[in-house]
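Given next are the chains, with one letter for each unit.
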Amino acid sequence: MTLSILSDCDMTFVDLIANFRRTFHKNSDQFRICCAMGSLVRDNLLTEIQRIMVIVMLFGISVPLYQPIICDIYDGARERVEKLCIQKLVLNPDYFNEIANNSP
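Small disclaimer: the values here were computed from a predicted structure and weren't measured.

### Concerning unusual backbone geometry
Then comes step 1: The backbone of N44 shows a phi angle near 60°, a positive value even though the residue is not glycine.
Then comes step 2: Secondary-structure assignment places N44 in the loop between α3 (27–42) and α4 (48–76).
Then comes step 3: Residue classification places N44 among the partly exposed positions, given a relative accessible area of 33%.

Below you can see the structure in the form of structure tokens.
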């Protein structure tokens, strides 16, 4: 189910996050899925666009809650684009709003 959400590249990030919350409406489910997605990113088991989508989703869902996962992704990032995305999201709080309504 999680990967099918990440496979829809026609959705905006706002729609992607809303779809995620509809699919996994319990906070405990969201936490487990977000941890699993963080592991998939960290272990490089997703495509580049899926990794970026997960990073943006984690920021959009709850930065404080998923900050350790985001930091772990940043520390282990193999691709420069992942580090740049995280840097922009961390250093510029408005960046999420700029990209949120754009297609991933």
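### Notes on the side chain of E82
Then comes step 1: In this structure, E82 sits in helix α5 (residues 80–91).
Then comes step 2: Beyond its immediate sequence surroundings of up to four residues, E82 is in contact with V41, R51, I52, I55, I73 and A77.

### As for the environment of F59
Then comes step 1: Mapped onto the secondary structure, F59 falls in helix α4.
Then comes step 2: For F59, a relative accessible area of 11% corresponds to the buried category.
Then comes step 3: Separated by 30 residues in sequence, F59 and L89 place their C-alpha atoms 7.6 Å apart.
Then comes step 4: Setting aside its immediate chain neighbours within four residues, F59 contacts I70, I86, L89 and V90.

### Overview of the pattern of salt bridges
Then comes step 1: This structure, assessed with the given rule, holds three salt bridges.
Then comes step 2: The residue R32 makes a salt bridge to D29 at a minimum N-O spacing of 2.5 Å. Of the two residues, R32 and D29 are both situated in helix α3; the distance of three residues between them amounts to about one turn of the helix.
Then comes step 3: Salt-bridge contacts for D72 lead to R42; the nearest nitrogen and oxygen are separated by 2.7 Å. Of this pair, D72 sits in helix α4 while R42 sits in helix α3, and the two are 30 residues apart along the sequence.

Criteria and cut-off values
- Residues numbered from 1 in each chain as written.
- Predicted model: local features only at pLDDT ≥ 70, side-chain atom pairs only at ≥ 80, totals over all residues.
- Heavy atoms only, no water.
- Helix = DSSP H or I, 4+ residues; strand = E, 2+ residues; numbered from the N terminus.
- Buried < 20%, exposed > 50% of the residue type's maximum accessible area, 1.4 Å probe, protein only.
- Contact = heavy atoms within 4.5 Å.
- Salt bridge = Lys/Arg side-chain N within 4 Å of Asp/Glu carboxyl O.

Keep in mind these numbers describe shape, not what the thing actually does.
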